[in-house]
Amino acid sequence: MRRLLSYVWWPALFVLSTGAVYGGLRLGHPVLAFNVTYLALALVLAVLERAMPHSRAWLNNDGQVGVDLLHTLLNKGVAQIVITVAVFSGISEGLNLGGGGVWPVLWPAGWPLVPQTVLGLLIVEIGLYWKHRLSHEAPWLWRFHAVHHSMTRLWFFNTGKFHLVDTVTGLAVGMPVLLLLGAPQDILVLVSAITAIVGILTHCNVEMRCGPLSYVFNTPALHRWHHSMVPHEGNRNYGENLMLLDLMFGTFYLPAHQPPVDIGIRHPMPPTFLGQLKAPFTSQPL
């Protein structure tokens, strides 16, 4: 039964969570629906991590719970403000001639919702993939991204552990493109929600076997390799939601054996929240 459930968790939680956000969208309460759904998903993963952990070693306290919470509150708070303003302020309509703006509407608004959502995910993935890849290959960007990779365990609670600069630059390469193309509010909400849902599922410490899904979506099986300290393992699997660009550019990595449990970075990271915010601006190696 445990093995069977390990194949069920990822697709079931993804579909149920996305469906709940869509339901809230239809009822006219997308922000409330997303927050309730995300909290419910976090609680479910908290239980599953104890019942069916991928790694029992990752259940041990790393002394970073309070720091992780502060990073999450800061990053999720800023991200939600930015996304909410972008979605509901009428920026998209103001940019397009269809709403009296400055250039024609380019978005295929006549398509069914699912193809529009897929198109939105594909478009934002281009910016997110290259931003993530450059965060590993460009030393000045890695200094910010190293805060995320300093984690010594993966679990649902530290999904939001990013340096604020890392978060803001990620937002800058995704949402603005959809706004410029004139994507409607529903697509902006769904793409943002799916990104958050995939993110927390990707980092959870739950035994999940994703099989062929890993060739389409970013899954825990892939992202655990991405957190390896071995460069030829960790500098792979850059996709945020989808793995298409990793497959295209040769950065997809999914060997048959299990990913390492010993993760992190090779240089020390300050243990405090303020120290981690300050670290990229110092001369110390990261």
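This structure is a prediction, so every number in the text was calculated from the model and none was measured.

### Quick look at the side chain of S214
Phase 1 of the analysis: Positionally, S214 belongs in the loop between α9 (185-203) and α10 (220-226).
Phase 2 of the analysis: Among the polar contacts made by the side chain of S214, one reaches the side chain of T219 at a distance of 2.7 Å.
Phase 3 of the analysis: Apart from the residues within four sequence positions on either side, S214 is in contact with T219, A221, L222, M243, F252 and L254.

### Regarding helix α7 (residues 164-172)
Phase 1 of the analysis: Looking only at α7, the buried set comprises D166, T167, G170 and L171. Seen end-on, α7 carries its buried residues on one side only, within an arc spanning 135°.

### Focus: the environment of G120
Phase 1 of the analysis: Here G120 is to be found in helix α5 (residues 113-137).
Phase 2 of the analysis: Placed 72 residues apart in sequence, G120 and S192 show a C-alpha to C-alpha distance of 9.7 Å.
Phase 3 of the analysis: Leaving out residues up to four positions away in the same chain, G120 has contacts with W107, L178 and V191.

### Some points on the packing of α5 against α7
Phase 1 of the analysis: The geometry of α5 relative to α7 is characterised by a closest axis approach of 9 Å and an angle of 150° between their N-to-C directions. In this view, α5 runs roughly antiparallel relative to α7, as classed from their interaxial angle. The two elements α5 and α7 meet at a crossing, and its hand is right-handed. Residues L128, K131 and S135 of α5 form the contact with α7, whose participating residues are D166, T169 and G170.
Phase 2 of the analysis: Split into classes, the residues belonging to the contact of α5 with α7 amount to one nonpolar, three polar and two charged.

### What about the environment of L48?
Phase 1 of the analysis: Structurally, the position occupied by L48 is in helix α2 (residues 30-51).
Phase 2 of the analysis: Its relative accessible area of 9% is what places L48 among the buried residues.
Phase 3 of the analysis: The contacts of L48, once residues within four sequence positions are left out, are W9, L13, P53 and V206.

### Considerations on α9
In an α-helix there are 3.6 residues to a turn, and that puts residues three or four apart on one side.
Phase 1 of the analysis: With 19 residues, α9 should reach 27 Å at 1.5 Å per residue; the first-to-last C-alpha distance of 28 Å fits that figure.
Phase 2 of the analysis: Burial of α9 is extensive: 17 of the 19 residues sit out of reach of the surface.

### So, the pattern of salt bridges
Phase 1 of the analysis: Summed over the entire model, instances satisfying the criterion amount to seven salt bridges.
Phase 2 of the analysis: In this structure, D62 engages R153 in a salt bridge whose closest nitrogen and oxygen atoms are separated by 3.5 Å. Placement of the pair is D62 in the loop between α2 and α3 (65-88) and R153 in the loop between α6 (139-149) and α7, with a sequence separation of 91 residues.
Phase 3 of the analysis: With a relative accessible area of 25%, D62 lands in the partly exposed category.
Phase 4 of the analysis: Linked through salt bridges whose partners overlap, the residues forming this network are R2, E207 and R209.

What counts as what
- Residues numbered from 1 in each chain as written.
- Predicted model: local features only at pLDDT ≥ 70, side-chain atom pairs only at ≥ 80, totals over all residues.
- Heavy atoms only, no water.
- Helix = DSSP H or I, 4+ residues; strand = E, 2+ residues; numbered from the N terminus.
- Polar contact = N/O pair within 3.5 Å; in protein donor to acceptor, adjacent residues only side chain to side chain.
- Contact = heavy atoms within 4.5 Å.
- Buried < 20%, exposed > 50% of the residue type's maximum accessible area, 1.4 Å probe, protein only.
- Arc of directions from axis to C-beta.
- Axes fitted to C-alpha atoms, helices over the stretch in contact; angles between N-to-C directions.
- Parallel < 35°, antiparallel > 145°, perpendicular 65-115°, else oblique.
- Left-handed = near helix turned anticlockwise from the far one by under 90°.
- Nonpolar A, V, L, I, M, F, W, Y, C, P; charged D, E, K, R; others polar.
- Expected span 1.5 Å × (residues − 1).
- Salt bridge = Lys/Arg side-chain N within 4 Å of Asp/Glu carboxyl O.

Without other data, these values stay purely geometric and don't point to any function.
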